[in-house]
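Tertiary structure, described
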Amino acid sequence: VDPDDPPVDPDDPPVDPDDPPVDPDDPPVDPDDPPVDPPNFDISPIANASVDENEVFTGTTPIITGDTPIGTLTYSLDGVDKTLFTIDAASGVITMEARDFETPLDADGNNIYEVTIIATDGDGNFDSEDQSVTVNNLFDLTWTEPDYRPPVNAPPVVDIPSEHIYIDVGASSWTENVSSHFSDSDGYIVSYRATKPWSGSLPSWLLFDTTTGIFRGTPLIGDVGVFDVLVRATDDDGEETVYSSILTITITITITITITNPPPVVPGNDIIYGNRGNDHIFGGGGNDQM
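To keep things clear, this report deals only with the structure shown in the data block.

The rules behind each value
- Residues numbered from 1 in each chain as written.
- Predicted model: local features only at pLDDT ≥ 70, side-chain atom pairs only at ≥ 80, totals over all residues.
- Heavy atoms only, no water.
- Phe/Tyr/Trp six-rings, centres within 6.5 Å; stacked < 30°, edge-to-face > 60°.
- Helix = DSSP H or I, 4+ residues; strand = E, 2+ residues; numbered from the N terminus.
- Buried < 20%, exposed > 50% of the residue type's maximum accessible area, 1.4 Å probe, protein only.
- Pairing = 2+ DSSP bridges.
- Axes fitted to C-alpha atoms, helices over the stretch in contact; angles between N-to-C directions.

To describe a pair of aromatic rings, one takes the distance between the centres and the angle between the planes. Applying the stated criterion across every chain, the model contains three aromatic pairs. Plain terms: the ring middles of Phe182 and Tyr192 are 6.0 Å apart, the flat faces sit at 50° to each other, and that makes the pair tilted. Of this pair, Phe182 sits in strand β13 (residues 182–183) while Tyr192 sits in strand β14 (residues 189–195), and the two are 10 residues apart along the sequence. Like Tyr192, Phe182 is buried. Residues Trp205 and Phe227 carry aromatic rings whose centres are separated by 6.4 Å and whose planes lie at 80° to one another, so their mutual orientation is edge-to-face. You can see Trp205 sitting in the loop between β14 and β15 (206–209) and its partner Phe227 sitting in strand β17 (residues 225–235), a full 22 residues away along the chain. Phe227 sits in the buried class, given a relative accessible area of 12%.

Structure follows, in structure tokens:
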């Protein structure tokens, strides 16, 4: 301790060991000098803004007026909706992601998003400015793909389940149209199919038009008999009848007997017995006993 130093004033604050050493070249502090005021800078007023719903909002760079800030300015956010914004700490430009008008997220639920922009210099001096961003409602045109399901096609149905026809051997002028055996409520019939039960194939003499549903043909003596034909119809959508219409065909042969020389009738004497019951007995010519 220099004996020439003034005594330590017990009211002086203690010396901070982290303080930098006093530069001996610095001029002495004049106790009569007024205190140094911090720089007085301001953020110019920021106009409130609006943005259409479903669009990203980007703000403008704040304008600093007044004194020159000390060191570098750093920007930050405050306010009731600050978490819904982001800010560039170096430029002060704020952004807000696209918002849906029908689903507001702001604190008041009125689609007005409020935020405070703060600028702080290197010496801790700061200024702030409020801004609000209003989300505009737009006419929402929503297209919903129609749930189109094609109608379920109904197959043709059998209106006449069975029919029996008779054809003479050698007959060639006959036809049988089975198209009237079927109908289709939601389309039209395009073809027919005819088979025999179990064997499948039709007799070679029996012809069938699959478009018109007409049978024809000429049976021979060897075709005499009875058989069934199963007929089904198919519509324009490819659906076939679930059941068949059964066409029963009987091939007949007609025999005509002509008697050219009938034997003469000779009256005789006959014994005729009536037995029990109420009988009507005719003896005819001759002497008959009854």
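Take unusual backbone geometry next. Positive phi, close to 65°, is recorded for Asn54, a residue that is not glycine. Tracing the sequence through the fold places Asn54 in the loop between β2 (49–52) and β3 (57–58). Accessibility expressed as a relative area gives 46% for Asn54, which makes it partly exposed.

Before going further, it helps to examine the pairing of strand β16 (residues 214–217). Of the two faces of β16, only the one carrying Phe215 and Gly217 is buried; Ile214 and Arg216 on the other face are not. Sheet topology places strand β12 (residues 176–177) next to β16; two bridges connect them, and they run antiparallel. The residue of β16 that forms the bridge with Asn177 is Ile214. Pairing analysis gives four bridges linking β15 to β16, with the strands arranged antiparallel. Bridge pairing in β16 links Phe208 to Phe215. Hairpin geometry of β15 and β16 is characterised by an intervening segment of four residues between the two adjacent antiparallel strands and by a positive phi of about 80° at Gly213.

Our next topic: the sheet that holds β17. Taken in spatial order, the four strands make up an open sheet running β11-β18-β17-β14, and their pairing is mixed. Every interior strand has two partners, whereas the edge strands, β11 (162–168) and β14, have only one. The mean angle between the axes of side-by-side strands here comes to 25°, regardless of whether they run parallel or antiparallel. Looking at chain direction, β14 and β17 are connected through six bridges and run antiparallel. Its bridge partner being in β17, Arg193 is matched across the sheet by Arg232.

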